[in-house]
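Topology and contacts: notes
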Amino acid sequence: MSTQTLTERPSRSSLFDGLTRYIPIGATVALLLALYTGGVANYRNFEKPQVLANLFIDNAPLLVIAIGMTFVILSGGIDLSVGSVMAFSTMTCAWLTVEAGLGAPLVVALVLLFGTGWGLLIGAVIHYFNVQPFIATLVGLFLFRGLTLQISTSDMSMRDVGFFQWGMTHVEFGGGIRQGGFWLPYLSFAAIAIVLIAFVVLHYTRFGRGVYAVGGNEQSALLMGLPVARTKIGVYVVSGFCASFAGVLAAFATKSADPLRHVGAELDAIAAVVIGGTLLTGGAGFVLGTLAGVMVWGLLNTLIQFQGNLSSWWARIVMGVLLLAFILLQRALARSGEKRRT
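Residues numbered from 1 in each chain as written. Predicted model: local features only at pLDDT ≥ 70, side-chain atom pairs only at ≥ 80, totals over all residues. Heavy atoms only, no water.

So, about the overall build of the protein. On a plain count of helices and strands, the protein comes out with 14 helices and 4 strands. In terms of overall dimensions, the protein is globule-like: its C-alpha atoms have a radius of gyration of 21 Å, near the 20 Å expected for 342 residues. Principal axes of the C-alpha set define a box for the protein whose edges measure 80 × 55 × 35 Å. Counting over 342 residues, the protein shows a buried share of 47%. Taking the intrachain contacts of the protein between residues at least 6 apart in sequence as the baseline, contacts between residues at least 24 apart amount to 77%. When the accessible surface of the protein is totalled, it reaches about 16700 Å², and 65% of it is carbon and sulfur. Charge-centre separation for the protein: the mean point of 20 positive side chains lies 10 Å from the mean point of 14 negative side chains. (Helix = DSSP H or I, 4+ residues; strand = E, 2+ residues; numbered from the N terminus. Rg over C-alpha atoms; globule rule 2.2 N^0.38 Å. Buried < 20%, exposed > 50% of the residue type's maximum accessible area, 1.4 Å probe, protein only. Contact = heavy atoms within 4.5 Å. Areas by Shrake-Rupley, 256 points an atom, 1.4 Å probe, with all protein chains shown as cover. Lys, Arg positive; Asp, Glu negative; His and termini not counted. Charge placed at Lys NZ, Arg CZ, Asp CG, Glu CD.)

Below is the structure:
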């Protein structure tokens, strides 16, 4: 009898641990439904499809940098440079097309190549020089914010560049808004494509499995023969690419570049990832959870807009409270798991 009990305990514990990892994302989805239900109950026209569609329009750049941040946090790292790289990418698009006269498609390609190269460089510095990710990427935060302001201290318009009209060219669904449907621009489809690609990479490729393994326990990943160096550098390559791609999407969305725009975007991305159920310590989380976290941020801003008499800063206040709550939830679940294993 005692032997049977001993053999059953590990399997029961493993099953419970497996279910526990879904609790944070379950809480996020429940919160998302509660916010939407509350909006429908209190505000007229909140139930219209375009309200939800606007979440994918207004938050497309944030969604993309949050996806890149998901890779980094899953590996046990952090990237504080994404907001500055995003702003620098948008400003570079404007300067190279408007002032330097280069073709917009070439400029976009160069910007994406730059972001990818920055990720490769900072990932190599973190791994081979054993620099803390917080410190290494903080360098990028200051460096690219400063470079952005060196390009221009005022807004630069790209409205005369025909190429940047593409992003807000839209597709109508259900006959469009007039017939109860909705519309989505191409830039939203680009952001959704990044989410789908990230989902496949993380859950169905060797690289994705390596990201989870390195985040869970780097030494164990080394002993298993996993390419730890390639994985750690790779997540920053992904993050750098996503940050520059988000900058391009911002250029498509606004057709302008503001050097002071996207200040704090890296913190919004981190908050969305954590609220989406990804552990700050790495090793557990979901791309679709990050999507839900970004939608929570978007819904908070939408609710404030419908209310009409509240400052937009209330969204950040609520987001801060939610972030603290989810961190405490993660810690409580981690302690519970430790007690069961002992």
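Okay, the nonpolar core next. Judged by nonpolar contacts, the single largest core of 86 residues is most densely connected at V64, I65, I67, F164 and L249. Counting residues per element, this core draws most heavily on helix α4 (residues 60–74), at 12 residues. (Core = buried A, V, L, I, M, F, W, Y, C linked by side-chain atoms within 4.5 Å.)

Glancing now at the packing of aromatic side chains. For the structure shown, the criterion picks out 18 aromatic pairs. Grouping aromatic residues by their ring pairs yields a cluster made of F163, F164, W166, Y186 and F252. (Phe/Tyr/Trp six-rings, centres within 6.5 Å; stacked < 30°, edge-to-face > 60°.)

On to the confidence of the model for the protein, then. With 92% of its residues at a pLDDT of at least 70, the protein reaches an overall mean of 86. Every residue in residues 1–11 is under pLDDT 50, and counting partners more than four places away or in other chains gives 0 contacts. (pLDDT = per-residue confidence, 0-100.)

Quick look at the packing of helix α6 (residues 104–128) against helix α7 (residues 133–151) now. Angle between the axes and distance between the axes: these two values describe a pair of packed helices. Following both chains from N to C, one finds α6 and α7 inclined at 145°, their axes separated by 9 Å at the closest point. Our pair here, α6 against α7, has a crossing hand that is right-handed. Residue-level contacts link F114, W118, I122 and I126 of α6 to P133, A136, T137, G140 and F144 of α7. Of the residues belonging to the contact of α6 with α7, the class tally is 7 nonpolar, 2 polar and no charged. (Axes fitted to C-alpha atoms, helices over the stretch in contact; angles between N-to-C directions. Left-handed = near helix turned anticlockwise from the far one by under 90°. Nonpolar A, V, L, I, M, F, W, Y, C, P; charged D, E, K, R; others polar.)

Taking 1.5 Å of rise per residue, the 20 residues of helix α2 (residues 23–42) would be expected to cover 28 Å, and the 28 Å separating its terminal C-alpha atoms lies within 8% of that figure. Listed as buried for α2 are P24, I25, T28, L31, L32, L35 and G39. Axial view of α2: buried residues confined to an arc of 115°, hence all on one face. In α2, the exposed residues that point more than 90 degrees away from the buried face are L33, T37 and A41. (Expected span 1.5 Å × (residues − 1). Arc of directions from axis to C-beta.)

With their axes 8 Å apart at the nearest point, helix α5 (residues 82–99) and α7 run at an angle of 25° to one another. Between α5 and α7, the interaxial angle falls into the category roughly parallel. Two packed elements cross with a definite hand, and for α5 against α7 that hand is left-handed. Contacts from G83, S84, V85, A87, F88, M91, T92 and W95 of α5 reach α7 at G140, L141, F144, R145, L147, T148 and I151. By residue class, the composition of the contact of α5 with α7 is 9 nonpolar, 5 polar and 1 charged. (Parallel < 35°, antiparallel > 145°, perpendicular 65-115°, else oblique.)

Another aspect to go through is the side chain of T70. With respect to the secondary-structure elements, T70 resides in helix α4. Judged by its relative accessible area of 0%, T70 is buried. Sequence-distant contacts of T70, defined by excluding residues within four places in its chain, comprise V273, T278, F286 and T290.

The next thing to look at is helix α8 (residues 186–204). Helical periodicity: at 3.6 residues per turn, an α-helix aligns residues three or four positions apart in one direction. Look at α8: 27 Å from first C-alpha to last across 19 residues, which is about the 27 Å you get at 1.5 Å a residue. For α8, every residue scored as buried is listed here: L187, S188, A190, A191, I194, V195, A198 and L202. Seen end-on, α8 carries its buried residues on one side only, within an arc spanning 160°. For α8, exposure combined with an orientation more than 90 degrees from the buried face picks out L196, I197 and Y204.

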